[in-house]
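Coordinates in review
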Amino acid sequence: MTAACLMSTYQPLALSFTRGLGTRLWDQQGREYLDAVAGVAVTNVGHSHPRLVAAISEQAGLLLHTSNLYSIDWQQRLAQRLAQLSGLDRAFFNNSGAEANETALKLARLHGWKKGIEQPLVVVMENAFHGRTLGTMAASDGPSVRLGFQRLPGDFIKVGFGDMQALEAITAQFGTRIAAVLLEPIQGESGVLVTPAGYLKALRDHCTRHGWLMMLDEIQTGIGRTGAWFAFQHEGILPDVMTLAKGLGNGVPIGACLARAAVAELFTPGSHGSTFGGNPLACRVGCTVLEIIEQQGLLQNAAHQGEHLLARLRMELDGHPHVRAIRGKGLMVGIELASPYRHLAQRAAQEHGLLINVTRGKIIRLLPPLTLERKEVEMIVRAITRLLD
Ligand SMILES: *Cc1c(COP(=O)(O)O)cnc(C)c1O
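Residues numbered from 1 in each chain as written. Predicted model: local features only at pLDDT ≥ 70, side-chain atom pairs only at ≥ 80, totals over all residues. Heavy atoms only, no water.

- Going by an unreviewed UniProt entry, the protein carries the name Acetylornithine aminotransferase and comes from Pseudomonas paralactis.
- Per UniProt, the protein has the following entry under Subcellular location (unreviewed entry): "Cytoplasm". (UniProt positions renumbered as here; feature names shortened; annotations may be inferred.)

**Description of helix H3 (residues 73-86)**
- Along its 14 residues, H3 runs 20 Å from first to last C-alpha, staying within 8% of the 20 Å computed at 1.5 Å per residue.
- All of the buried residues along H3 are Leu 78, Ala 79, Leu 82, Ala 83, Leu 85 and Ser 86. All buried residues of H3 fall inside an arc of 165 degrees around its axis, so they share one side. Exposed side chains of H3 directed beyond 90 degrees from the buried face belong to Gln 80 and Gln 84.
- Where H3 is buried, its residues meet strand S4 (90-94), strand S11 (241-244), strand S12 (255-259) and helix H10 (280-295).
- Immediately beyond the C-terminal end of H3, within one or two residues, lies Gly 87, with a positive phi of roughly 90 degrees. (Helix = DSSP H or I, 4+ residues; strand = E, 2+ residues; numbered from the N terminus. Expected span 1.5 Å × (residues − 1). Buried < 20%, exposed > 50% of the residue type's maximum accessible area, 1.4 Å probe, protein only. Arc of directions from axis to C-beta. Contact = heavy atoms within 4.5 Å.)

**Focus: unusual backbone geometry**
- A cis amide bond links Gln 150 with the next residue in sequence, Arg 151, at an omega value of -5 degrees.
- Mapping Arg 151 onto the fold places it in the loop between helix H6 (143-146) and strand S6 (156-159).
- Phi is positive for Ala 38, close to 55 degrees, though the residue is something other than glycine.
- As for its placement among the helices and strands, Ala 38 is situated in helix H1 (residues 38-41).

**Looking at the site of the ligand**
- Lining the immediate environment of the ligand, one finds Ser 96, Gly 97, Ala 98, Asn 101, Phe 129, His 130, Glu 184, Asp 217, Ile 219, Gln 220 and Lys 246.
- At 2.7 Å, a side-chain N or O of Gln 220 approaches an oxygen atom of the ligand.
- Here an oxygen atom of the ligand sits 2.6 Å away from a polar atom, N or O, in the side chain of Lys 246.
- The protein chains hide 81% of the 380 Å² of surface that the ligand would expose on its own.
- At 3 residues, the largest contribution of residues to the shell around the ligand is made by helix H4 (residues 97-114).
- Considering only residue class, the shell around the ligand consists of 3 nonpolar, 5 polar and 3 charged. (Near = heavy atom within 4 Å. Polar contact = N/O pair within 3.5 Å; in protein donor to acceptor, adjacent residues only side chain to side chain. Areas by Shrake-Rupley, 256 points an atom, 1.4 Å probe, with all protein chains shown as cover. Nonpolar A, V, L, I, M, F, W, Y, C, P; charged D, E, K, R; others polar.)

**Digging into the side chain of Arg 204**
- Among the secondary structure elements, Arg 204 is positioned in helix H8 (residues 199-210).
- On the basis of relative accessible area, Arg 204 is assigned to the buried category, the value being 11%.
- In this structure the side chain of Arg 204 is engaged in a polar contact, spanning 2.8 Å, whose partner is the backbone oxygen of Leu 238.
- Other than its neighbours up to four places away in sequence, Arg 204 contacts Trp 212, Met 214, Ile 237, Leu 238, Pro 239 and Asp 240.

**Quick word on the pattern of salt bridges**
- Scanning the model with the defined rule gives 18 salt bridges in all.
- For Asp 141, the salt bridge identified is with Lys 158, shortest N-O distance 2.9 Å. Remark: Lys 158 occurs in strand S6 and Asp 141 occurs in the loop between helix H5 (134-139) and H6; sequence separation between them is 17 residues.
- For Asp 141, a relative accessible area of 14% corresponds to the buried category.
- Residue classification places Lys 158 among the partly exposed positions, given a relative accessible area of 45%.
- Ionic pairing is found between Arg 347 and Glu 351, a salt bridge with its closest N-O pair at 3.3 Å. Of the two residues, Arg 347 and Glu 351 both sit in helix H12 (residues 344-352), 4 residues apart, roughly one turn of that helix.
- Relative accessible area serves as the criterion here: at 29%, Arg 347 is assigned to the partly exposed category.
- Sharing partners across several salt bridges, the network here consists of Arg 24, Glu 32 and Glu 376. (Salt bridge = Lys/Arg side-chain N within 4 Å of Asp/Glu carboxyl O.)

**Focus: the state of the cysteines**
- Considering all chains together, one arrives at 0 disulfides under this definition.
- Summary of cysteine pairing: Cys 257 is not part of a disulfide, and the nearest cysteine sulfur, belonging to Cys 283, is at 14 Å.
- As a non-bridged cysteine, Cys 287 has Cys 283 as the owner of its nearest cysteine sulfur, 6.9 Å distant. (Disulfide = S-S within 2.5 Å.)

**With respect to the UniProt feature "binding site: pyridoxal 5'-phosphate" (unreviewed entry) in the protein**
- Listed under "binding site: pyridoxal 5'-phosphate" (unreviewed entry) in the UniProt record, and renumbered for this structure, are Gly 97, Ala 98, Phe 129, Asp 217, Glu 218, Ile 219, Gln 220 and Thr 275. A maximum C-alpha distance of 25.4 Å is found for the annotated residues, which run over 179 residues; spatially they are spread out rather than grouped.
- In this fold, Ile 219 is placed in the loop between strand S10 (213-217) and S11.
- Here Ile 219 falls in the buried class, since its relative accessible area comes to 9%.
- Once residues lying within four places of it in the same chain are set aside, the contact partners of Ile 219 are Gly 97, Asn 101, Thr 243, Leu 244, Ala 245 and Lys 246.

**Side note on the domain arrangement of the protein**
- Domains assigned within the protein are domain 1 (11-48 + 297-388) and domain 2 (51-296).
- The C-alpha centroid of domain 2 is placed 26 Å from the C-alpha centroid of domain 1.
- Taken together, the contact pairs 31 residues of domain 1 with 33 residues of domain 2.
- Taken together, the two surfaces of domain 1 and domain 2 that pack against each other cover about 2,500 Å², and 60% of this comes from carbon and sulfur.
- The largest share of the area that domain 1 buries against domain 2 comes from Leu 299, Lys 329 and Met 332, three residues that together contribute 27% of it.
- Summed over the shared surface of domain 1 and domain 2, the number is 1 salt bridge.
- A salt bridge links Arg 365 to Glu 189; the shortest N-O distance between them is 2.9 Å.
- At the junction of domain 1 with domain 2, the criterion picks out 19 residue pairs in polar contact (both at pLDDT 80 or more). (Domains from an automatic or database assignment. Buried area = accessible area lost by both parts, 1.4 Å probe.)

Next up, the structure:
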């Protein structure tokens, strides 16, 4: 096969998989790989989880789609479960992360409109990534995402990630026009950047004081990735709005925007919608994923193996001439290299049977399934140490 009929938006490695089970994938030649990418933080409960396979097969034979013209039992169940787990009140279901963020941005617009702000602004962060639609591109940072797509929808103001002083400065300058802040609790695409201790709490207080919505993009950090259901739970805060996708469907497309009741009520019948969003298959998969995480103790496992992975990487690589920093939370780990090295992901796969992602050219990002075992932590550490030597 050739890729001649595909638009060239990706540069895939010369690797293709035919089968997966748990933390492992097999290529067309039958070679086994340890998957420390998990489809970019998606297959959190592992590939081909038997309970998920059973749920998908059964639901496919029962009902795939009826549209939101009718009430959907699995959609209500998933909303209720996510509300219980997060402390937020209501959910709207989309088919992807970008769409979930669009839902959040529409809520921010309505919030501003209700407050009588003529052109409401949303504060976003340097190095942010929120998706590839026009609106979420505008909320994202960096020329690689935005180049050639000007003019993008406006009304975003950018501040330094984790910088309270910068936030105070733009508050003084634009204060009454700001309706919301949108940010990732840990920035994923830009290389696993963790906010300074206390920042999210201070930001929460700031939003409350000024009547802004605090909107967290937990598309990558949510669903157990950092060792809690949602990353904000490490900080003892509650956002007004949160978006989810990736791990919620374990590979079946789904996105969700959750909000406090008072914010959710900004939407009225007709103000938002989606044909596929919240269909019985995707929502049943979401419910099953949450059940698996709970019953297999995967939050605890992600926290535990994640700590272990960080500690072992630091033990082997601290002071290494190619390594500048090692950071992360749970099973979301970044190893920043001193300079870009070409073909790192390809070499890791070919020479060590390990799948890794490299972001911004020089940050190895590890996002293995939350089912990762201790001996697999060791396999990752050994492979990366050899790779960098
Ligand atoms: C992946 C990602 C998105 C975009 O999700 P899509 O499903 O690709 O639209 C948005 N925000 C963050 C933080 C992400 O990691």
